[in-house]
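Summary of structural features
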Amino acid sequence: MFYFCRAWFNFHEEFFFLFLLPPIIFQSGFSLSPKPFFSNFGAIVTFAILGTFIASVVTGGLVYLGGLMFLMYRLPFVECLMFGALISATDPVTVLSIFQELGTDVNLYALVFGESVLNDAMAISLYRTMSLVRSHAYSGKNFFFVIVRFLETFVGSLSAGLGVGFTSALLFKYAGLDIDNLQNLECCLFVLFPYFSYMLAEGFGLSGIVSILFTGMVMKHYTYSNLSESSQQFVAEFFHLISSLAETFIFIYMGLDIAMEQHSWSHVGFIFFSILFIGVARAANVFSCAYLVNLVRPAHRKIPSNHQKALWYSGLRGAMAFALALQSIHDLPDGHGQTIFTATTAIVVLTVLLIGGSTGTMLEALQVVGDSDDHEYSLTENSDVSNGYIAPDSDEGSSRSRIKMKLREFHESTASFTALNRNYLTPFFKSRSGDDEENDNIGARIRGS
């Protein structure tokens, strides 16, 4: 019976990437609340892209050094970077549910949730780039082409997702499907667009997960308001249900996998030191990126230290890390993939149990419970275009001043995008102005049900 269940429940990682992860990733982008997300867009992008890159490199470097010092199972450097990339994907579902229950600051919630959404895409791109480096045996002279390949994959997937999302907005704006006898067709087309985005990107050798993420963000912000009211209710409930079922199935499979699959539990040192190195890498990610963000923010909008600690503590690992680790079994030979898969499974379970179980106590210790009105870096709808920066001090070094000027230019560019979105993109892609707050309330009621 044991071997029958094991054979029946054994399937390849393609099942995850084709049927389970797409609805989860789409729902992540689709459920983003536009106002807090775009108000903290610069910080979220910094944590998700730069921070994930830092965490991946730090984790991979420490694992490689640990192997050289015989502290843990030794892996080649590129495989260490692959492990660093896949284990840097965070999935703080438990933490976010506790955030909602205890009533933490809306901007802290937006930072944690926005980072977890975008860093999945970054982690996949890094993992596939490192896998490409390993399979083609790139040398140091080809490092430039590795960077170009990564940017090509990430930017190409992003462009595909945005293109499909904006196309869907125009279709639903002008097709006139929001009448009674065409609402079934309207819902079906809306459900098909995300998978079209995914398959389009995969067909061009890009990342379908990255593409479907940005498709979800665009379709929520532009396409969703072009639907009829009943279709809005249906698609919100449908994707929430499908993503919840997919996440539940993944964790059920993870539990059965621990009992039925063969794991390399002999490398306990690899698991133990990996957990320590992940904590160090997470700290390097959060505190360095928070420092850069605070350089450009005015004093009343700086991310406080207790929020930085809460952001560091919320770095659980979940479905994405597990799926990439499952793929590593086929990508890496000689049992290396099996070792990484065992370590990842243990890390996911331990972080969910330990960090998820102690989150409430930690938030109370950090005094961030119910502090939505205590910190002034909470933003209003239009405060993201504020230019109330602190001028560079004349006594500071020129390098620090240049960094602050570059960060200021980046913030001004995001403010310009906000104005562009409000004045041009929204009128062009939406059939009506669309009360985003009402749409967000619909999604919030569904997520809370």
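The residue numbering used here restarts from 1 in each chain and proceeds along that chain's sequence as written. In keeping with the predicted nature of the model, local features appear solely for residues at pLDDT of at least 70, side-chain atom pairs appear and are counted solely at 80 or more, and the whole-chain, interface and lining totals rest on all residues. The basis for the side-chain values is all heavy atoms of the structure; hydrogens and waters are excluded.

Concerning the pattern of salt bridges
Salt bridge, as used here: a side-chain nitrogen of Lys or Arg that lies within 4 Å of a carboxyl oxygen of Asp or Glu. For the structure on display, the rule yields 3 salt bridges. One salt bridge in this structure joins Arg-134 and Glu-79, with 3.3 Å as the shortest N-O distance. Placement of the pair is Arg-134 in helix H7 (residues 106-136) and Glu-79 in helix H5 (residues 77-87), with a sequence separation of 55 residues. With a 1.4 Å probe rolled over the protein chains alone, any residue whose accessible area is under 20% of its type maximum counts as buried; one over 50% counts as exposed, and the rest are partly exposed. On the basis of relative accessibility, which here comes to 30%, the residue Arg-134 falls in the partly exposed class. Among the residues examined, Glu-79 registers a relative accessible area of 4% and is labelled buried. Secondary structure is summarised from DSSP: a helix means a run of H or I of at least four residues, a strand means a run of E of at least two, and numbering begins at the N terminus for each.

Remarks on the nonpolar core
Nonpolar side chains in soluble globular proteins generally cluster together in the buried interior. Ranked by internal contacts, the top residues of the largest apolar core, which has 97 residues, are Phe-16, Leu-21, Phe-47, Leu-118 and Ile-250. With near-sequence residues (within four places) excluded, Phe-47 lies in contact with Thr-52, Leu-111, Glu-115, Asn-285, Val-286, Cys-289, Ala-290, Ile-303 and Leu-311. Joining through side-chain atoms within 4.5 Å is the link that ties buried Ala, Val, Leu, Ile, Met, Phe, Trp, Tyr and Cys residues into a set, and such a set is a nonpolar core. Of all hydrophobic cores here, the second largest spans 5 residues; its members include Ala-169, Tyr-222, Leu-425 and Phe-429. Whether two residues are in contact is decided by their heavy atoms, any of which lying within 4.5 Å being enough.

Some points on the UniProt feature "transmembrane region" (unreviewed entry) in the protein
UniProt positions are given in the numbering used here, feature names are shortened, and annotations may be inferred rather than shown by experiment. If you check UniProt for "transmembrane region" (unreviewed entry), the listed places come out as residues 41-65, 147-172, 192-214, 234-256, 268-290, 310-329 and 335-356 in our numbering. The span residues 147-172 carries 100% helix and 0% strand; its end-to-end C-alpha distance comes to 38 Å. In residues 234-256, the share of helix is 100% and the share of strand is 0%. The end C-alpha atoms are 33 Å apart.

Structural notes on the side chain of Ser-225
Along the polypeptide, Ser-225 turns up in the loop between helix H10 (208-223) and helix H11 (229-260). In this structure the side chain of Ser-225 is engaged in a polar contact, spanning 3.2 Å, whose partner is the backbone oxygen of Tyr-222. Polar contacts, as used here, are pairs of N or O atoms within 3.5 Å; protein pairs need one atom able to donate a hydrogen and one able to accept it. Residues neighboring in sequence count only if both atoms are side-chain atoms.

With respect to the environment of Gly-163
With respect to the secondary-structure elements, Gly-163 resides in helix H8 (residues 143-174). A relative accessible area of 34% means that Gly-163 is categorised as partly exposed.

Digging into the packing of helix H14 (residues 319-331) against helix H15 (residues 336-366)
The N-to-C vectors of H14 and H15 enclose an angle of 165°; their axes lie 7 Å apart at closest approach. By the angle between their axes, H14 is roughly antiparallel relative to H15. H15 is crossed by H14, and the crossing has left-handed handedness. Residues Ala-321, Phe-322, Ala-325, Leu-326, Ser-328 and Ile-329 of H14 pack against Gly-337, Gln-338, Ile-340, Phe-341, Thr-344 and Thr-345 of H15. Class assignment of the residues belonging to the contact of H14 with H15 gives a composition of 7 nonpolar, 5 polar and no charged. Axis definition: a line fitted to C-alpha atoms, over the contacting stretch in the case of helices. Angles run 0 to 180 degrees between N-to-C directions. Angles below 35 degrees are treated as roughly parallel, those above 145 as roughly antiparallel, those between 65 and 115 as roughly perpendicular, and all remaining angles as oblique. Crossing handedness follows the turn of the near helix against the far one: under a right angle anticlockwise gives a left-handed crossing, and clockwise gives a right-handed one. Residue polarity is assigned by list, with Asp, Glu, Lys and Arg as charged and Ala, Val, Leu, Ile, Met, Phe, Trp, Tyr, Cys and Pro as nonpolar; anything else, Gly included, falls into the polar class.

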